[in-house]
Amino acid sequence: MSDAAQPTAAEVRAAAEAVKTALDRHLAAVERRSGEDDPAVYEAFNELAAAAETYDELLYDRYDEVTPFEIPGAEESLPPYTGPEEPNGLSVLIRRDYAVVEPQRLLAQAQRIEAADDEIGSGTGASGTVHGALGLLFGEFEPDEIASRHKEFGLEEGDSTLWVTAADEAPEPGEWLEAPFEQADAQRVVCRFDVSAVFDDEIDDGVDELDADLDEDEDLEPLDADR
């Protein structure tokens, strides 16, 4: 960044003051919260996140320094819950991503399924393509079984998420089948569970840093086995 484009010291100072103000407002909202999902707390959280991000950027641009804390942005958190306090119905929305890393293994598994179907006269001849093999695989096994045996099927796990959403009433049979995911409402999520390699990387990074610290410490003495 050129000197002309750098923020001034006064702009950095003003951004710091904005963070202090946002901190005070967030604490006040928390102290006055009316329930677990108080929208005032959510709004104050977002204001604090935005102020902290602005300050961090200006601090870096002006002084090449960063803050020691990180507040997740609003897009990384769920909006306030607006569903019923005591849901009469639930929808469980699951997304699991996979990469097809061994197509031949996938095709071989599909051919086994199709061979068994041929014995009872219901073979489809679809096992010769990845598209057809996936149809056979997911038609034969439950999603949970595929998740636990994905390597057998030539698949590699990616991210996954599970949302439990509240409903006022259970829908009528067949009501949403034409557009099953159209009404996924983040404001009705009772709870969610995420699995991602990102979390593993964060843990590994922490372990690597600890190992590096131990390697650099030359004053460590070996444990006395007699103690």
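Residues numbered from 1 in each chain as written. Predicted model: local features only at pLDDT ≥ 70, side-chain atom pairs only at ≥ 80, totals over all residues. Heavy atoms only, no water.

K.L.:
Explain the overall build of the protein chain here, please?
P.N.:
The helix and strand inventory of the protein chain stands at six helices and three strands. Along the chain direction, N to C, the helices and strands of the protein chain fall in the order α-α-β-α-α-α-β-β-α. A buried classification covers 21% of the 227 residues belonging to the protein chain. Of all intrachain contacts in the protein chain linking residues separated by at least 6 positions in sequence, the fraction that spans at least 24 positions is 69%. Accessible surface, the protein chain: about 16,600 Å² in total, of which carbon and sulfur atoms supply 51%. (Helix = DSSP H or I, 4+ residues; strand = E, 2+ residues; numbered from the N terminus. Buried < 20%, exposed > 50% of the residue type's maximum accessible area, 1.4 Å probe, protein only. Contact = heavy atoms within 4.5 Å. Areas by Shrake-Rupley, 256 points an atom, 1.4 Å probe, with all protein chains shown as cover.)

K.L.:
Honestly, the pattern of salt bridges in this entry has me stumped. Any pointers?
P.N.:
Opposite charge on two side chains makes pairing possible when the charged atoms of those side chains draw close. Taken as a whole and judged by the stated rule, the model has eight salt bridges. Linking Asp-97 and Arg-95 is a salt bridge whose minimum nitrogen-to-oxygen distance equals 2.9 Å. Judged by its relative accessible area of 30%, Asp-97 is partly exposed. Where Glu-102 meets Arg-105, a salt bridge forms, and the shortest distance between an N and an O atom there is 3.5 Å. Connected through salt bridges with shared partners, the residues Glu-145, Arg-149 and Glu-152 form a single ionic network. (Salt bridge = Lys/Arg side-chain N within 4 Å of Asp/Glu carboxyl O.)

K.L.:
Whenever I open this one, the nonpolar core confuses me. Can you help?
P.N.:
Counting residues in each nonpolar core, the largest one holds eleven residues, listed as Leu-106, Leu-107, Ala-110, Ile-113, Ala-133, Leu-136, Leu-137, Phe-141, Ile-146, Phe-153 and Leu-155. Broken down by secondary-structure element, the contributors of at least two residues to this core are helix H3 (103-119) and helix H4 (130-140). With four residues, the top contributor of residues to this core is H3. Beyond its immediate stretch of four places on either side in the chain, Leu-107 contacts Ser-127, Gly-128, Thr-129, Val-130 and Ala-133. The next biggest cluster of nonpolar side chains, apart from the first, holds nine residues, and it includes Ala-15, Val-19, Tyr-55 and Leu-59. (Core = buried A, V, L, I, M, F, W, Y, C linked by side-chain atoms within 4.5 Å.)

K.L.:
Would you mind going over the packing of aromatic side chains with me for this structure?
P.N.:
Aromatic ring pairs: the centre-centre distance and the angle between the two ring planes describe each pair. Inspection of the entire model under this criterion finds one aromatic pair. Geometrically, the ring pair formed by Phe-141 and Phe-153 is tilted, given 5.2 Å between the ring centres and 35 degrees between the ring planes. You can see Phe-141 sitting in the loop between H4 and helix H5 (143-148) and its partner Phe-153 sitting in the loop between H5 and strand S2 (155-167), a full twelve residues away along the chain. Phe-153 shares its class with Phe-141; the two are buried. (Phe/Tyr/Trp six-rings, centres within 6.5 Å; stacked < 30°, edge-to-face > 60°.)

K.L.:
Please explain the layout of surface pockets as it appears in this structure.
P.N.:
For the largest pocket, the calculated volume is near 550 Å³. Lining of the largest pocket is provided by 21 residues; of these, Ser-91, Leu-93, Trp-176, Pro-180 and Gln-183 occupy positions nearest its centre. Listed by contribution, the elements that provide at least two residues to the lining of the largest pocket are strand S1 (89-100) and S2. When residues of the lining of the largest pocket are assigned to their parent elements, the largest contribution, four residues, is made by S1. Tallied by class, residues from the lining of the largest pocket come to twelve nonpolar, three polar and six charged. (1 Å grid on protein atoms, 1.4 Å probe; cavity = no way out; pocket = protein on both sides within 12 Å on 5 of 7 lines; lining within 4 Å. Points joined across faces, edges and corners; volume = space filled by probe spheres on them. Nonpolar A, V, L, I, M, F, W, Y, C, P; charged D, E, K, R; others polar.)

K.L.:
Teacher, can you tell me more about the sheet that holds strand S3 (residues 189-195) here?
P.N.:
Either a parallel or an antiparallel arrangement is found when strands of a sheet pair, and the pairing is made through backbone hydrogen bonds. Taken together, the three strands give an open sheet; going across it, the order is S1-S2-S3, and neighbouring strands pair in antiparallel fashion. Edge positions in the sheet fall to S1 and S3, since each of these pairs with one other strand and no more. Averaged over neighbouring strand pairs, the angle between their axes works out to 10 degrees when direction is ignored. In terms of strand pairing, S1 meets S2 through eleven bridges, oriented antiparallel. Looking at S2, one finds that Gly-89 is bridged to Ala-167. (Pairing = 2+ DSSP bridges. Axes fitted to C-alpha atoms, helices over the stretch in contact; angles between N-to-C directions.)

K.L.:
Looking at this structure, how should I read the packing of helix H1 (residues 9-31) against helix H2 (residues 39-63)?
P.N.:
Geometry of a packed helix pair, given as the angle between the helix axes and the separation of the axes. At a closest axis distance of 8 Å, the pairing of H1 and H2 adopts a crossing angle of 160 degrees. Between H1 and H2, the angle is such that the two are roughly antiparallel. For the pair H1 and H2, the sense of crossing is left-handed. Here the residues of the contact of H1 with H2 sort into 21 nonpolar, one polar and four charged. (Parallel < 35°, antiparallel > 145°, perpendicular 65-115°, else oblique. Left-handed = near helix turned anticlockwise from the far one by under 90°.)

K.L.:
Explain the environment of Ala-40 here, please?
P.N.:
Inspection of the secondary structure assignment puts Ala-40 in helix H2. We classify Ala-40 as partly exposed; its relative accessible area is 38%. Measuring from C-alpha to C-alpha, the distance between Ala-40 and His-26 comes to 8.7 Å, with 14 residues separating the pair along the chain.

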